[in-house]
Amino acid sequence: MRKRILFIVAMALTLCGLATATPQGLPQELQPLWDSMTLEEKVGQMIMVYMSPPDFVIENNLGGVLVMGAHLSTRNQLQKNLKNIASRAKIPLLVTIDQEGGHVNRIRSLDRKWEKALSAKEMREMAPEKIERTAREIGATLKKTGINLNLAPAIDPPSDINGRETFMELHGRSWGGIENIEKARAFVKGMKASGIISAAKHFPGYDSETNSDLQMAESDATEDKIRENVAPFKALAPDAPVIMMSSVRYTKISDAPAVFEPKIVKMAHDIDDDIVVLTDDLWGTNLRSWISGPEAPLPNPYPASEFKKVVKAALDAGNDMFMTTYPTKAVDMKNTLIELALQSSDYLVCIEKSVARILKMKFRAGLLTSH
């Protein structure tokens, strides 16, 4: 109880501008927590894993979990597991879902009213006030379940540089670009009103017709077009403290997928240095294929040495939080990051900056006030 009171007082001081910053850019009231954290605990904050047993999450000090539709079909067990983790975790989890609506509708099993949750393309035809009310209702459903971060909205362009509909538009997932930013903002505000953090995606704008989850997607977008596609992310940054990266290759900038390209990840950080930059699933077939060589068949089983290269590429690019849908690979992620931090002070500085961003985001979202 004493810790909770101290955090609440500290939050009030921060809001009043009376708290000073630490060398890591953390509010001063978080310095004792920071000083108590081991390297393993810090690195753990950078990992988001497919929802796993409580003991696994606690033992590895993981920073976030990803909830999918299968977990929601047994909501009582999910809630029990989340409460178990919350009672034991040193730092509260990001409990994450990608509830966009339409084709990406994870909550259909929770309540019959959400069997046909509207897609982004459908919602963008509504007035902002109605969007906000709808998002608030969906957010309340998520919050009741124990979720606190939604990987939405997808503020990707509806058409690519060649005028063709993008994959996100074809599947009703796009909010329609900068012209609909106030409607996307209404969605984010509705989520926030129910205690849900939003992550804007897929940076720097999904300018491709191809599904990058299944194969390497490419974009011919010029740097000018990319800057145009980034405009919605800049506009939404004050309301969405997380940016999720795209796995598309923007060939005019780099041969690498965006999530592995330092120049593109830096564009996200340049919007606001405190924004947490999150990868998509690093176990994705397309990303592992790119690391191992697109001309060669994907090794099966995939060597641990190759996955280390995936993790290192994501760190070298400047990502803050790494996602995997393959739980045992979270341990490989953790061990790789620790190994890199011990090898190089530059990597340690990079890792600590990312962890500080994550802690600040959790603090500002009110998650840390419960500890």
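A short tour of the structure in this document, coming up. (Residues numbered from 1 in each chain as written. Predicted model: local features only at pLDDT ≥ 70, side-chain atom pairs only at ≥ 80, totals over all residues. Heavy atoms only, no water.)

**A word on the nonpolar core**
Consideration 1: Within the largest apolar cluster, 119 residues are counted, with the highest numbers of intra-cluster contacts made by Phe203, Phe260, Leu282 and Phe322.
Consideration 2: Broken down by element, the residue count for this core peaks at eight residues, all from helix α16 (residues 345-364).
Consideration 3: Phenylalanine 260 has contacts with Leu282, Leu287, Trp290, Ile291, Val310, Ala313, Ala314 and Ala317, leaving out every residue within four places of it along the chain. (Core = buried A, V, L, I, M, F, W, Y, C linked by side-chain atoms within 4.5 Å. Buried < 20%, exposed > 50% of the residue type's maximum accessible area, 1.4 Å probe, protein only. Helix = DSSP H or I, 4+ residues; strand = E, 2+ residues; numbered from the N terminus. Contact = heavy atoms within 4.5 Å.)

**As for the side chain of serine 254**
Consideration 1: Mapped onto the elements, serine 254 comes out in the loop between β8 (249-250) and α12 (262-271).
Consideration 2: A distance of 2.9 Å separates the side chain of serine 254 from the backbone nitrogen of alanine 256, its partner in a polar contact.
Consideration 3: For serine 254, the residues in contact, after removing those within four places along its chain, are Arg249 and Glu261. (Polar contact = N/O pair within 3.5 Å; in protein donor to acceptor, adjacent residues only side chain to side chain.)

**Some points on the sheet that holds strand β5 (residues 197-203)**
Consideration 1: Taken together, the eight strands give a closed barrel; going around it, the order is β1-β2-β3-β4-β5-β7-β9-β10, and neighbouring strands pair in parallel fashion.
Consideration 2: Against the sheet, helix α11 (residues 223-236) touches β5 and β7 (242-245), its axis set at about 165° to β5.
Consideration 3: Seen against the sheet, helix α15 (residues 328-343) touches β1 (47-50) and β10 (321-324) and runs at an angle of roughly 150° to β10. (Pairing = 2+ DSSP bridges. Axes fitted to C-alpha atoms, helices over the stretch in contact; angles between N-to-C directions.)

**Points about the pattern of salt bridges**
Consideration 1: The final tally for this structure, using the stated rule, is 31 salt bridges.
Consideration 2: Where arginine 164 meets aspartate 160, a salt bridge forms, and the shortest distance between an N and an O atom there is 3.6 Å.
Consideration 3: For arginine 164, a relative accessible area of 39% corresponds to the partly exposed category.
Consideration 4: Taking the shortest distance from any N to any O, the salt bridge between glutamate 339 and lysine 308 comes out at 3.2 Å. Of this pair, glutamate 339 sits in helix α15 while lysine 308 sits in helix α14 (residues 304-317), and the two are 31 residues apart along the sequence.
Consideration 5: Given a relative accessible area of 34%, glutamate 339 falls into the partly exposed group.
Consideration 6: For lysine 308, a relative accessible area of 38% puts it in the partly exposed group.
Consideration 7: One connected set of salt bridges, linked through shared partners, spans Glu223, Asp224, Arg227 and Lys263. (Salt bridge = Lys/Arg side-chain N within 4 Å of Asp/Glu carboxyl O.)

**Some points on unusual backbone geometry**
Consideration 1: The amide bond that connects lysine 201 to the next residue, histidine 202, takes the cis arrangement and shows omega of 0°.
Consideration 2: Of the consecutive residues phenylalanine 203 and proline 204, the connecting peptide bond is found in the cis state with omega at 5°.
Consideration 3: In this structure, proline 204 sits in the loop between β5 and β6 (218-219).
Consideration 4: Even without a glycine there, the phi angle at asparagine 61 is positive, about 55°.
Consideration 5: Within the secondary structure layout, asparagine 61 lies in the loop between α4 (54-59) and β2 (64-66).

**A look at helix α13 (residues 285-292)**
Consideration 1: Three or more residues of α13 are buried, namely Asn286, Leu287, Arg288 and Ile291.
Consideration 2: Next to the buried residues of α13 lie β9 (276-281) and α14.
Consideration 3: At the C-terminal side of α13, glycine 293 shows a positive phi close to 115°.

**Notes on the packing of α14 against α16**
Consideration 1: As a packed pair, α14 and α16 sit with axes 10 Å apart at the nearest point and diverge in direction by 75°. One element, α14, and the other, α16, form an angle in the roughly perpendicular class. Facing Lys312, Leu315 and Asp316 of α14, the residues of α16 in contact are Tyr347, Cys350 and Ile351.
Consideration 2: When the residues that make up the contact of α14 with α16 are grouped by side-chain class, the tally is four nonpolar, no polar and two charged. (Parallel < 35°, antiparallel > 145°, perpendicular 65-115°, else oblique. Nonpolar A, V, L, I, M, F, W, Y, C, P; charged D, E, K, R; others polar.)

**Re the environment of leucine 367**
Consideration 1: Following the sequence through the fold, leucine 367 ends up in the segment after α16.
Consideration 2: In this view, leucine 367 contacts Pro92, Leu93, Leu94, Asn148, Ile197 and Lys362; residues no more than four positions away in its chain are not counted.

**Section: α16**
Consideration 1: With 20 residues, α16 ought to run about 28 Å at 1.5 Å a step, and its terminal C-alpha atoms sit 28 Å apart, in line with that.
Consideration 2: The N-terminus of α16 is capped by serine 344, whose side-chain oxygen sits 3.1 Å from the backbone nitrogen of aspartate 346.
Consideration 3: After α16 finishes, the residue glycine 366 shows a positive phi value of roughly 85°. (Expected span 1.5 Å × (residues − 1).)

**A look at the packing of aromatic side chains**
Consideration 1: Taken as a whole and assessed by the stated rule, the structure comprises seven aromatic pairs.
Consideration 2: A centroid spacing of 5.9 Å and a plane angle of 35° characterise the contact between phenylalanine 260 and tryptophan 290, whose relative ring orientation is tilted. With phenylalanine 260 in the loop between β8 and α12 and tryptophan 290 in helix α13, this residue pair connects regions lying 30 residues apart in the sequence.
Consideration 3: Residue tryptophan 290 is classed as partly exposed on the basis of its relative accessible area of 23%.
Consideration 4: Arranged with centres 5.3 Å apart and planes meeting at 70°, the rings of tryptophan 283 and phenylalanine 307 form a pair that is edge-to-face. Note that tryptophan 283 is positioned in the loop between β9 and α13 and phenylalanine 307 in helix α14, a separation of 24 residues in sequence.
Consideration 5: A relative accessible area of 1% places phenylalanine 307 in the buried class.
Consideration 6: Members of the aromatic cluster, each reached through a chain of ring pairs, are Trp283, Tyr302, Phe307 and Tyr326.
Consideration 7: Directly above the ring of tryptophan 283 sits arginine 288, whose terminal nitrogen or CZ lies 3.8 Å from the centroid. (Phe/Tyr/Trp six-rings, centres within 6.5 Å; stacked < 30°, edge-to-face > 60°. Lys NZ or Arg CZ within 6 Å of the ring centre and 35° of its normal.)

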